[in-house]
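# Structural features, examined
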Amino acid sequence: MAKKDTDPAAVVETKAATADAPVARDQVLKVHHLRPAAGAKKSRQRVGRGEGSKGKTAGRGTKGTKARYNVRLGFEGGQMPQHMRTPKLRGFKNPFKVYYQVVNLDRLAELYPTGGDVTIAGLVAKGAVRDNEKVKILGNGEIAVALTVSVDKVSTFAEQKIVAAGGSIK
């Protein structure tokens, strides 16, 4: 390789020119200039994993509910919770129970003094029971006339008294 010939006068001239002009320096790389490369993934900060990496309280302050990991659903801060404050229903209502309107024998004696047919429609017409509900005859009282009873239910004691008076059950 051949060595370049340089003119000593040109070198001196260049040095003089650069001494007067401001010197341009290269940019200095600093830590706060560093950024991940474009498209690079930066792992998220894992808090609460020790003193060296955002540990201890992990940005949640000290103590208190908000510093804890989890609070159960419905927790009211130690106050008596809603589900314990409200009164509870006792027992239950049987949906299959059949409710009867009851008519005693002494009431039948008043309604039918001469005897006859006792039907639900007749009892509704006389105002003894409500319409569209089941009727049961009970044996409270005495009966002296013959009745032909056709209702939903008759107690055993009432049936004995009606048959003894000369009546019948349908």
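Residues numbered from 1 in each chain as written. Predicted model: local features only at pLDDT ≥ 70, side-chain atom pairs only at ≥ 80, totals over all residues. Heavy atoms only, no water.

### What to know about the overall build of the chain
Looking only at helices and strands, the chain has five helices and six strands in total. Counting helices and strands in the order they occur from the N terminus, the chain gives α-α-β-α-β-α-β-β-β-α-β. Within the span of the chain, comprising 170 residues, buried residues form 16% of the whole. Long-range pairs, those at least 24 residues apart, make up 44% of the contacts in the chain between residues at least 6 apart in sequence. Only carbon and sulfur atoms are counted for the fraction: they give 54% of the accessible area of the chain, which is about 14,600 Å². (Helix = DSSP H or I, 4+ residues; strand = E, 2+ residues; numbered from the N terminus. Buried < 20%, exposed > 50% of the residue type's maximum accessible area, 1.4 Å probe, protein only. Contact = heavy atoms within 4.5 Å. Areas by Shrake-Rupley, 256 points an atom, 1.4 Å probe, with all protein chains shown as cover.)

### Examining the nonpolar core
Counting residues in hydrophobic clusters, the biggest one holds 17 residues, and the most contacted among them are Leu-108, Leu-123, Ile-137 and Val-149. The greatest single-element share of this core, amounting to three residues, is contributed by helix 3 (residues 105-111). For Leu-108, the contacting residues outside a window of four places in its chain are Val-103, Val-118, Leu-123, Ile-137, Ile-143 and Leu-147. (Core = buried A, V, L, I, M, F, W, Y, C linked by side-chain atoms within 4.5 Å.)

### Observations regarding the pattern of salt bridges
Counted according to the given criterion, the structure contains four salt bridges. Between Arg-107 and Glu-110 there is a salt bridge whose closest N-O contact spans 3.4 Å. One end of the pair, Arg-107, and the other, Glu-110, are both in helix 3, three residues apart, so they sit about a helical turn from each other. Overall, Glu-110 belongs to the exposed group, its relative accessible area being 56%. Note that Glu-142 and Lys-161 form a salt bridge whose closest N and O atoms lie 3.3 Å from each other. Of this pair, Glu-142 sits in the loop between strand 3 (134-138) and strand 4 (147-150) while Lys-161 sits in helix 5 (residues 156-164), and the two are 19 residues apart along the sequence. (Salt bridge = Lys/Arg side-chain N within 4 Å of Asp/Glu carboxyl O.)

### Re a nonpolar patch on the surface
Where nonpolar side chains cluster on the molecular surface, the patch consists of Leu-29, Val-31 and Leu-34 and spans about 360 Å² of accessible area. Relative to the helices and strands, Leu-34 resides in the loop between helix 1 (8-20) and helix 2 (82-85). (Patch = residues over 30% accessible without salt bridge, like charges linked within 9 Å, V, L, I, M, F, W, Y side chains within 5 Å.)

### Considerations on the pairing of strand 1 (residues 100-104)
Residue alternation in strand 1 divides its side chains into a buried set, Gln-101 and Val-103, and an unburied set, Tyr-100, Val-102 and Asn-104. Both strand 1 and strand 3 contribute to a ladder of five bridges, which runs parallel. Counterpart to Asn-104 in the pairing with strand 3 is Leu-138. (Pairing = 2+ DSSP bridges.)

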